[in-house]
Amino acid sequence: MSLNFQVPPVAAGRLPELLNIMPKAELHIHIEGSLEPELIFALASRNGVALPYASVEALRSAYAFSNLQSFLDIYYAGASVLLEEQDFYDMARAYFVRAAQDNVVHAELFFDPQTHTARGVSMETVINGLHRACVDAQAELGVSASLILCFLRHLSEEDAFATLEQALPFQDKFIGVGLDSGEVGNPPEKFARVFARCRELGFHLVAHAGEEGPPAYIWTALDLLKVERIDHGVQASRDAALMRRLAQDRIPLTVCPLSNLKLCVVPDLASHNLRELLDAGLMATVNSDDPAYFGGYMNENFTQTFAATGLTAQHAYQLARNSFEASFIEASDKQRYLARLDETFARFASA
Ligand code: ADE
Ligand code: ZN
């Protein structure tokens, strides 16, 4: 079984194909970040929303970011075309179709309700549209999926509590809560009480930490918020004690290499520390974050990062395995996905 699985040698030229076909889970995707410019324009037209861009091309050419905030300004503007339940469904459906092409077999989707409720869109509209797309993804595409509600950390904890209240009537339709938006200056401790409440309610807990912010934010996400996974976490390599803690406690990091490149967290992919994290024994995974904005879905993240950093088939296996182990699926489903992963590697080696 998986623990003893020997990864067969794979010629470097065949690695991209293996990366493409291996089954994988995506654990860090903001569904609003999967809105392609074409769909933004189609929804704007359907809903009569005016956009400050003349064309799809003009919008796409605005996607040149210098840091996280410069991206968030455009990302929140793009989400303004989402008004009806069907809009949320269509957005998530487009993501699932694209993810299935990359052999993503399980996905845990972040959504940002405050971006929508602040515009008068009801929580019911948001959650019902996304949830229906998750149900259909399983039935029609064979992709299992669940939702994680993210609190926007640039807003107050009071606003987060109000958002939680609005979402509780639909609590059977999301499995956890997260924390996203502008990190620096909005440390995890700002949300300690609302996360404590979510923990009492039995939700899974995750938080963005150490994307642009310091290693201290990763410590407080773990110790004060008591999160089960860290989203990004790439700044951990600046703190040796933190690296030991993450390895010892097997805390998953949902790393997003193309995001880190496009938001200037790293100067180029060759400088990305994914290999360092893996080789230090951390449970890192690869994810797309906001694929419509960062130039690549899952397999693009894998192939570009492997090409730039010289990662191997052994790393590929580890990353795919980590994605299932770090997921919030039931143990029996995990075993089923891990067996499928082993089969894929064995079949590939003998072909
Ligand atoms: N919201 C969408 N993408 C994000 C990211 N990379 N960091 C923080 N908040 C986000
Ligand atoms: Zn993110």
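Further up the page is the structure itself.
The structure reproduced in this document is the subject of the present report. These numbers were taken from a predicted model, which means no experiment stands behind them. (Residues numbered from 1 in each chain as written. Chains lettered and ligands numbered in written order. Predicted model: local features only at pLDDT ≥ 70, side-chain atom pairs only at ≥ 80, totals over all residues. Heavy atoms only, no water.)

### Overview of the coordination of the zinc ion (ligand 2)
Thought 1: Note on the zinc ion (ligand 2): its protein donors are His28 (NE2), His30 (NE2), His208 (NE2) and Asp289 (OD). The metal-donor distances range over 2.0 to 2.3 Å.
Thought 2: Classification of the site at the zinc ion (ligand 2) as irregular follows from its four donor atoms and the range of 84 to 175° in their angles at the metal.
Thought 3: Each donor residue of the zinc ion (ligand 2) lies on the same chain, and together they follow the pattern H-x1-H-x177-H-x80-D. Of this pair, His208 sits in strand S5 (residues 204-209) while Asp289 sits in the loop between strand S8 (283-286) and helix H14 (291-294), placing them 81 residues apart in sequence. Of the two residues examined, His208 and Asp289, each falls in the buried class. (Donors = N, O, S within 2.8 Å, 3.2 Å for Na, K, Ca; no water. Tetrahedral: all angles 85-135°; square planar, octahedral: opposite > 155°, others 65-115°. Helix = DSSP H or I, 4+ residues; strand = E, 2+ residues; numbered from the N terminus. Buried < 20%, exposed > 50% of the residue type's maximum accessible area, 1.4 Å probe, protein only.)

### A few points about unusual backbone geometry
Thought 1: Phi at Ser181 is positive, roughly 85°, even though this residue is not glycine.
Thought 2: Structurally, the position occupied by Ser181 is in the loop between strand S4 (176-180) and helix H9 (192-200).
Thought 3: With a relative accessible area of 7%, Ser181 lands in the buried category.
Thought 4: In the Ramachandran plot, Asp289 falls in the positive-phi region, its phi being about 65° despite a non-glycine side chain.

### Re the site of ligand 1
Thought 1: The full set of residues close to ligand 1 is His30, Leu68, Phe71, Leu72, Tyr75, Asp180, Ser181, His208, Glu211, His232, Asp289 and Asp290.
Thought 2: At 3.4 Å, a side-chain N or O of His30 approaches a nitrogen atom of ligand 1.
Thought 3: Taking Asp290, its side chain carries an N or O atom lying 2.7 Å from a nitrogen atom of ligand 1.
Thought 4: Here ligand 1, which alone exposes 260 Å², has 100% of that area covered by the protein.
Thought 5: Here the shell around ligand 1 takes four residues from helix H4 (residues 68-78), the largest share from any one element.
Thought 6: Among the residues forming the shell around ligand 1, the class breakdown is four nonpolar, four polar and four charged. (Near = heavy atom within 4 Å. Polar contact = N/O pair within 3.5 Å; in protein donor to acceptor, adjacent residues only side chain to side chain. Areas by Shrake-Rupley, 256 points an atom, 1.4 Å probe, with all protein chains shown as cover. Nonpolar A, V, L, I, M, F, W, Y, C, P; charged D, E, K, R; others polar.)

### As for the pairing of S5
Thought 1: Of all six residues in S5, five are buried; the element is thus mostly enclosed.
Thought 2: As paired strands, S4 and S5 are joined by two bridges and run parallel to one another. The partner of Gly176 across the bridge, within S5, is His204.
Thought 3: As a crossover connection, the stretch from S4 through H9 into S5 is right-handed.
Thought 4: Two elements, S5 and strand S6 (residues 229-232), share four bridges in a ladder whose sense is parallel. By the bridge assignment, Val206 is partnered in S6 with Arg229.
Thought 5: On the question of chirality, the crossover connecting S5 to the parallel S6 by way of helix H10 (residues 215-223) is right-handed. (Pairing = 2+ DSSP bridges. Right-handed = clockwise from strand over helix to strand, strands pointing away.)

### Points about the packing of helix H5 (residues 85-101) against helix H7 (residues 123-141)
Thought 1: One way to put it is that H5 packs onto H7 with a least axis distance of 7 Å and a crossing angle of 35°. Crossing geometry of H5 relative to H7 is assigned as right-handed. Contact residues: H5 offers Glu85, Gln86, Phe88, Tyr89, Met91, Ala92, Arg93, Phe96 and Val97, while H7 offers Thr125, Val126, Asn128, Gly129, Leu130, Arg132, Ala133, Cys134, Asp136, Ala137, Glu140 and Leu141.
Thought 2: Classifying every residue of the contact of H5 with H7 by side-chain character gives 12 nonpolar, four polar and five charged. (Axes fitted to C-alpha atoms, helices over the stretch in contact; angles between N-to-C directions. Left-handed = near helix turned anticlockwise from the far one by under 90°. Contact = heavy atoms within 4.5 Å.)

### Some details on the sheet that holds strand S1 (residues 24-30)
Thought 1: As summarised here, the arrangement of the eight strands in space is S1-S2-S3-S4-S5-S6-S7-S8, forming an open sheet in which the pairing is parallel. Each end of this open sheet is capped by a strand with a single partner; those strands are S1 and S8. Within the sheet, the average angular offset between the axes of one strand and its neighbour, ignoring direction, is 25°.
Thought 2: As defined by bridge partners, strand S2 (residues 104-111) adjoins strand S3 (residues 144-152) across six bridges and the pair is classed as parallel. Looking across to S3, one finds that His106 is bridged to Ser144.

### Here we look at the packing of aromatic side chains
Thought 1: For the structure on display, the rule yields 16 aromatic pairs.
Thought 2: Here Phe71 and Phe294 contribute two aromatic rings whose centre-to-centre distance is 4.8 Å and whose plane-to-plane angle is 55°, an arrangement assigned as tilted. Of the two residues, Phe71 is situated in helix H4 and Phe294 in helix H14; the sequence distance between them amounts to 223 residues. We note that Phe71, like Phe294, is buried.
Thought 3: Taken together, Tyr63, Phe65, Phe71, Tyr75, Tyr76, Tyr293 and Phe294 form an aromatic cluster joined through their ring pairs.
Thought 4: Across from the ring centre of Phe348, 3.9 Å away, lies the NZ or CZ of Arg14, which sits over that ring.
Thought 5: For Arg336, the ring lying beneath its charged end belongs to Tyr337, and the centroid distance is 5.0 Å. (Phe/Tyr/Trp six-rings, centres within 6.5 Å; stacked < 30°, edge-to-face > 60°. Lys NZ or Arg CZ within 6 Å of the ring centre and 35° of its normal.)

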